[in-house]
Amino acid sequence: MGGDIITISIGGDEAVDIASDSVAIGAFHAMDRGVLTVQAAGNGGPAAATVSRIAPWILLLLIDGLLLKSALPGNAVNPFKLNGSNFPLIFGKAASIICDEHEHTARFCYDECLDPDLVKGKIVLCTHYPGIYGAHSSSALGTILMSSETENSASQVVSIPASVLPVQDIAVIQAYINSTKMPRANILKSESTRDFEAPVVAPFSSRGPNKIIPDILKHDISTPGVGILASYSLAASPTVDPLDKRSVR
């Protein structure tokens, strides 16, 4: 048995000369036998000249975003609708008596850091996306999460009511919490709309030009890689949260 295409996602921090690039050499021998090598451009973006392969016989793919994005300021696929107009809001740092010696772990809402008695019936603000797992395991009503550049490039499917916001919006919410004795918030169910500016290149995708051999243009093509509209398994959860027991019908 054989194959016609090799697909790989082996990248590096930057491209190297073809003569010393083991992947390029291997792909050349594959090409000599009629097999095409297809590779992702890498995750070095958004800086220029960050593509990880420059060999002309490797088809280099650049990742872009697709046509549908959240209509709300938050960047999450939130299928939950809370019953009410607003709810108590608490910062993760203030909801932990276990991890208070390490302030960043409380801010991040790391698993087993949040006190269930302090977050029950409340929306908890976490300055790290994986804080959703700590919020879920501590029975928080919902959570507002800070996204990294990578997480903000695509809508994340969430396992509890949640909104994912960039750092500047998180700073606004923190200022609001500090300005009042009884901060309150709500998390609305997601809506979708057509984004006429899409598709756009994902922020983390490596870019050209080819700084070693400028006459060889890289990347070769752009392809959907984030925010892809796809089906979910009927036998598994739509998220990676171990506490999420839902399945798609």
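Given the structure is predicted, the values throughout are model-derived calculations rather than measurements.

Peer 1: Looking at this model, I keep getting lost on the overall build of the protein. Mind explaining?
Peer 2: A tally of helices and strands in the protein yields five helices and 13 strands. Of the contacts formed within the protein by residues at least 6 apart in sequence, a portion of 66% connects residues at least 24 apart. Accessible surface, the protein: about 14000 Å² in total, of which carbon and sulfur atoms supply 57%.

Peer 1: For this particular structure, what's the right way to read helix α1 (residues 22-32)?
Peer 2: Note on helix geometry: an α-helix contains 3.6 residues per turn, so any two residues three or four positions apart are oriented the same way. Listed in full, the buried residues belonging to α1 are Val 23, Ala 24, Ala 27 and Ala 30. Angular distribution of buried residues about the axis of α1 spans 115°; they occupy a single face of the element. Exposed side chains of α1 directed beyond 90 degrees from the buried face belong to Ser 22 and Asp 32. One side-chain oxygen at the N-terminal end of α1 lies 3.1 Å from the backbone nitrogen of Val 23; it belongs to Asp 21.

Peer 1: When you look at the confidence of the model for the protein in this model, what are you seeing that I'm missing?
Peer 2: Segments scoring low in pLDDT should not have their predicted coordinates read at a detailed level. For the protein, per-residue confidence averages 82 on the pLDDT scale, and residues scoring 70 or more make up 86% of the total. Note on residues 66-72: pLDDT is under 50 here. Beyond four places in sequence and across chains, it has 30 contacts.

Peer 1: Honestly, the environment of Lys 211 in this entry has me stumped. Any pointers?
Peer 2: The residue Lys 211 is located in the loop between β12 (192-194) and β13 (221-226) in this model. The spatial distance from the C-alpha of Lys 211 to the C-alpha of Ala 48 is 9.4 Å, given a sequence separation of 163 residues. For Lys 211, the residues in contact, after removing those within four places along its chain, are Glu 14 and Ala 49.

Peer 1: I tried to follow the nonpolar core on my own but got confused; where do I start?
Peer 2: Note that soluble globular proteins tend to have their nonpolar side chains buried in a common cluster. Of all hydrophobic cores here, the largest spans 17 residues; its most connected members are Leu 114, Val 124, Ile 132 and Leu 145. Not counting the four nearest positions on each side in its chain, Ile 132 is found in contact with Thr 143, Leu 145, Val 158, Ser 159, Ile 160 and Ala 162. In terms of nonpolar packing, the next biggest core, distinct from the first, is built from 13 residues, Leu 82, Phe 91, Ile 177 and Ile 187 among them.

Peer 1: Would you mind going over the packing of aromatic side chains with me for this structure?
Peer 2: For any pair of aromatic rings, geometry is given as the distance between the ring centres together with the angle between the planes. This model, assessed by the stated rule, comprises two aromatic pairs. Pairing Phe 28 with Trp 57 gives two aromatic rings, centres 5.0 Å apart and planes at 70°, and the pair type is edge-to-face. Placement of the pair is Phe 28 in helix α1 and Trp 57 in the loop between β2 (36-40) and β3 (58-65), with a sequence separation of 29 residues. Since its relative accessible area comes to 38%, Phe 28 is described here as partly exposed.

Peer 1: Could you clarify how one ought to interpret the sheet that holds strand β7 (residues 123-126) in this entry?
Peer 2: The strands making up a sheet associate through backbone hydrogen bonding, with each pair oriented either parallel or antiparallel. On the basis of which strands lie adjacent, the open sheet formed by five strands has the order β10-β8-β7-β6-β11 and mixed pairing. The sheet is open, and its two borders are formed by β10 (162-165) and β11 (184-185), each paired with just one other strand. The strands touched by helix α5 (residues 167-179) are β6 (87-91), β7, β8 (142-146), β10 and β11; relative to β6, the strand with the most contacts, the crossing angle is about 105°.

Peer 1: I would appreciate a short explanation of α5 in the present structure.
Peer 2: With 13 residues, α5 extends 18 Å between its outermost C-alpha atoms, agreeing within 8% with the 18 Å of an ideal straight helix rising 1.5 Å per residue. Those residues of α5 hidden inside the fold are in contact with β6, β7, β8 and β10.

Peer 1: Explanation requested: the pairing of β6 in the structure shown.
Peer 2: Two faces make up the sheet, and in a regular strand the side chains alternate between them. With four of its five residues buried, β6 lies for the most part within the structure. Note: β6 against β11, two bridges, orientation antiparallel. Residue pairing for β11: Phe 87 is matched across the bridge by Ala 185. Pairing of β6 with β7, which is carried by three bridges, proceeds in the parallel orientation. Bridge assignment links Ile 90 to a residue of β7, and that residue is Val 124.

Cut-offs used in this document
- Residues numbered from 1 in each chain as written.
- Predicted model: local features only at pLDDT ≥ 70, side-chain atom pairs only at ≥ 80, totals over all residues.
- Heavy atoms only, no water.
- Helix = DSSP H or I, 4+ residues; strand = E, 2+ residues; numbered from the N terminus.
- Contact = heavy atoms within 4.5 Å.
- Areas by Shrake-Rupley, 256 points an atom, 1.4 Å probe, with all protein chains shown as cover.
- Buried < 20%, exposed > 50% of the residue type's maximum accessible area, 1.4 Å probe, protein only.
- Arc of directions from axis to C-beta.
- Polar contact = N/O pair within 3.5 Å; in protein donor to acceptor, adjacent residues only side chain to side chain.
- pLDDT = per-residue confidence, 0-100.
- Core = buried A, V, L, I, M, F, W, Y, C linked by side-chain atoms within 4.5 Å.
- Phe/Tyr/Trp six-rings, centres within 6.5 Å; stacked < 30°, edge-to-face > 60°.
- Pairing = 2+ DSSP bridges.
- Axes fitted to C-alpha atoms, helices over the stretch in contact; angles between N-to-C directions.
- Expected span 1.5 Å × (residues − 1).

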